[in-house]
Amino acid sequence: MTHMGDMSKQCDTPQQVPPPLLLSAIVCDSVIVDAFTGKATVVGVFSTINARRYPARHHSLSVFCEMTGGRGTISVMARLIDLQDEEKALVEQRIGVEFADPLIVNSVILNFRGIPLPHPGEYRFQIYAGSEYCGERRIICRKIEEAGGNQNG
């Protein structure tokens, strides 16, 4: 049998470290971190943004992620893309995250201000660890009628 030879070949080749696993990505108004316990409170979770006219600018939001399985310090990035033009990020934010133990779940908070929204439609917050895509969260932008406007169209 050649199992022993095959196993030694696999052990001699350098193994690529996999990127951390994205457990959750939540878009919200803000995240409050308790200074004593380090626990995070996610405030105002949403997946839809309403605006009376476009282009619009959303004042502020946070993307709260939980990640595990990382090793060392990794640059984590959230970028907002418009599904009609996926080439260019509308906004992006990076933060260095220390993964001291791959078994620990790390909370990652990325804060955004003045988010440009060119038109109603579907947008995505894409999450990356280094250059590796980890997952995404969808945001729907809707145009709403002016107060007192015709609701039937």
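Residues numbered from 1 in each chain as written. Predicted model: local features only at pLDDT ≥ 70, side-chain atom pairs only at ≥ 80, totals over all residues. Heavy atoms only, no water.

(A) Representation of the pairing of strand 9 (residues 132–143) in the model. Relative to strand 9, strand 3 (residues 48–51) runs parallel, the two being bridged by four bridges. Across the sheet, residue asparagine 50 finds its bridge partner in strand 9, namely arginine 142. Strand direction decides the pairing type here: strand 8 (residues 121–129) and strand 9, joined by nine bridges, are antiparallel. From the neighbouring strand, glycine 121 faces strand 9, where its bridge partner is cysteine 141. Here strand 8 folds back onto strand 9, and the loop between the two strands holds two residues, one of which, glycine 130, carries a positive phi near 65 degrees. (Pairing = 2+ DSSP bridges. Helix = DSSP H or I, 4+ residues; strand = E, 2+ residues; numbered from the N terminus.)

(B) Quick peek at the pattern of salt bridges. According to the stated counting rule, one finds two salt bridges in the structure shown. For arginine 124, the salt bridge is made with glutamate 122, and the minimal N-O distance between the two is 2.3 Å. Of the charged contacts in the structure, one is a salt bridge between glutamate 136 and arginine 124, with a shortest N-O distance of 2.2 Å. Residue glutamate 136 is found in strand 9, and its partner arginine 124 is found in strand 8; the two are separated by 12 residues along the sequence. Judged by relative accessible area, glutamate 136 falls into the partly exposed class, the value being 31%. (Salt bridge = Lys/Arg side-chain N within 4 Å of Asp/Glu carboxyl O. Buried < 20%, exposed > 50% of the residue type's maximum accessible area, 1.4 Å probe, protein only.)

(C) Focus on the sheet that holds strand 4 (residues 56–68). In space, the four strands of this open sheet follow the order 2-1-4-7, with antiparallel pairing throughout. On the outer flanks of this sheet lie strand 2 (40–45) and strand 7 (106–117), each paired with one strand and no other. Put simply, the sheet's adjacent strands are angled 50 degrees from each other on average, direction ignored. Looking at chain direction, strand 1 (residues 21–33) and strand 2 are connected through five bridges and run antiparallel. Bridged to serine 30 within strand 2 is valine 43. (Axes fitted to C-alpha atoms, helices over the stretch in contact; angles between N-to-C directions.)

(D) How the structure looks around the environment of proline 20. Counting through the fold element by element, proline 20 comes out in the loop between helix 1 (3–12) and strand 1. Sequence separation between proline 20 and glycine 70 is 50 residues, and the spatial gap between their C-alpha atoms is 4.3 Å. Excluding residues within four positions of it along the chain, proline 20 makes contact with Met67, Thr68, Gly69, Gly70, Ile74, Phe99, Ala129 and Cys134. (Contact = heavy atoms within 4.5 Å.)

(E) Representation of the side chain of serine 60. By the secondary structure assignment, serine 60 is in strand 4. Residue classification places serine 60 among the buried residues on the basis of a relative accessible area of 17%. Side chain to side chain, serine 60 and arginine 113 meet in a polar contact 3.5 Å long. Among residues more than four places away in sequence, those in contact with serine 60 are Phe112, Arg113 and Ile115. (Polar contact = N/O pair within 3.5 Å; in protein donor to acceptor, adjacent residues only side chain to side chain.)

(F) Just the nonpolar core, in detail. If you look at the biggest cluster of nonpolar residues, it comprises 30 residues, and the most contacted ones within it are Phe112 and Phe125. For this core, the elements supplying multiple residues, two or more each, are strand 1, strand 3, strand 4, strand 5 (72–82), strand 6 (85–99), strand 7, strand 8 and strand 9. Once you skip the residues sitting within four places of it in the chain, phenylalanine 112 turns out to touch His59, Ser60, Leu61, Val63, Ala78, Val91, Glu92, Gln93 and Phe125. (Core = buried A, V, L, I, M, F, W, Y, C linked by side-chain atoms within 4.5 Å.)

Fair warning: the whole summary comes from geometry, so function is off the table for now.
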